[in-house]
Amino acid sequence: MSLNKVLNQFDDFWVGTALGSQSLGFYSKAYEFANYPTRIVSDPLMRVFFPSFAKSQGDRQRLSRAFFRSAALIVRASFLFTGALALSAYELVELLVGAKWLPMVPIFQLMLVYVSLHPLLTTLGNLANATGHPKFSTRASFFQAVLFIPLVVLGASYWDAGGVAVAVDVMLLVGVASMLFQVEQLVDISLARLLIPPILALFLGAVCGTLITVSISVNTIVTAILKIAGYSIGYIAALIALEYKDYIIIMEAFLPILRQVGLLEMEK
């Protein structure tokens, strides 16, 4: 069995074996929700940014700039999506899949680290592949698997499916740390510049989204809308306040995407 299969399937296998089919159902649904940001945010964006990595290899400054622009945009978009989804999870789950799935919400929320940073891990993997270093991802997967298996077993034994969700978070952090260490051979990375603004914005957005509904008694749909709107406004406002000097640079990375989907007229 390949490392990727271990990382993708062992947690499901162990939850089903150790905790039963009901826990597996809730865990699998939570994991499905946790992968939405990668499918919706990073996968489409990387189809645009991947060629720029390949073209820039050999030029460290140019590649560093291309990586930061893509990673910064993907991380910020991921945190925007993740925070809104996590904050309104109870309402969205009830509306989209039914109240019977509500027990999966705490499991999903415990996967917040995974949900937020998995798109970054995907970006780092694409950088390695585009520049001819696929072994970076293989090494990272090895370290992840070595820790993931015992952590899943321990997590399920002591904290049920929630413990497995935390194991997924730790596995993701190990993968990101391993990839960051390795790609420093290729690019210059400022983790503070990349991660601190969106992390602070996420917390501020969560406060705004919570406060806007804490004293209002409304139906499920309106509550979900208010939470998402409050979070999004707070998050975006915080980002602008924290990094307005870099905002134009980040938006430059977004222009090719707008052109690609036809929202802006292609340059002649």
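Asks: Just to check I follow, could you spell out the packing of aromatic side chains for this structure?
Replies: Geometrically, a pair of aromatic rings is defined through the distance of the ring centres and the angle of the planes. Taken as a whole and judged by the stated rule, the model has eleven aromatic pairs. Arranged with centres 6.0 Å apart and planes meeting at 20°, the rings of Phe10 and Trp14 form a pair that is stacked. Taken together, the positions of Phe10 and Trp14, both in helix 1 (residues 3-19) and four residues apart, correspond to about one turn of that helix. Residue class for Phe10 comes out buried when judged on its relative accessible area of 16%. By relative accessible area, Trp14 is classed as partly exposed at 24%. Residues Phe33 and Phe108 carry aromatic rings whose centres are separated by 6.2 Å and whose planes lie at 70° to one another, so their mutual orientation is edge-to-face.

Asks: Sorry if this is basic, but what is going on with the nonpolar core here?
Replies: Where a protein is soluble and globular, its nonpolar side chains tend to be buried together. By size, the foremost hydrophobic cluster in this structure holds 74 residues, and its most contacted members are Tyr27, Phe108, Met111 and Leu120. Take this core: its biggest share by element is 17 residues, from helix 8 (residues 135-183). If we ignore the near neighbours within four places in the chain, the residues touching Met111 are Tyr27, Ala30, Tyr31, Ala34, Ala165 and Asp169.

Asks: What's the story with helix 3 (residues 36-56) in this structure? I'm lost.
Replies: The periodicity of an α-helix, 3.6 residues per turn, causes residues three or four places apart in sequence to face the same way. Its 21 residues place the ends of helix 3 29 Å apart at the C-alpha level, agreeing with the 30 Å of an ideal helix rising 1.5 Å per residue. Residue Arg47 marks the point of greatest curvature in helix 3, where the axis turns by about 45°; the proline Pro51 follows within four residues. For helix 3, the set of buried residues is Pro37, Thr38, Val41, Ser42, Leu45, Met46, Val48, Phe49, Phe53 and Ser56. Just downstream of helix 3 lies Gly58, where phi reads positive at about 95°.

Asks: Explain the environment of Ile196 to me, please; I cannot follow it from the model alone.
Replies: By the secondary structure assignment, Ile196 is in helix 9 (residues 191-214). Between the alpha carbons of Ile196 and Tyr90 there is a distance of 27 Å; along the sequence they are 106 residues apart.

Reading the values: rules and limits
- Residues numbered from 1 in each chain as written.
- Predicted model: local features only at pLDDT ≥ 70, side-chain atom pairs only at ≥ 80, totals over all residues.
- Heavy atoms only, no water.
- Phe/Tyr/Trp six-rings, centres within 6.5 Å; stacked < 30°, edge-to-face > 60°.
- Helix = DSSP H or I, 4+ residues; strand = E, 2+ residues; numbered from the N terminus.
- Buried < 20%, exposed > 50% of the residue type's maximum accessible area, 1.4 Å probe, protein only.
- Core = buried A, V, L, I, M, F, W, Y, C linked by side-chain atoms within 4.5 Å.
- Contact = heavy atoms within 4.5 Å.
- Expected span 1.5 Å × (residues − 1).
- Bend = angle between axes of the 7 residues up to and from the residue.

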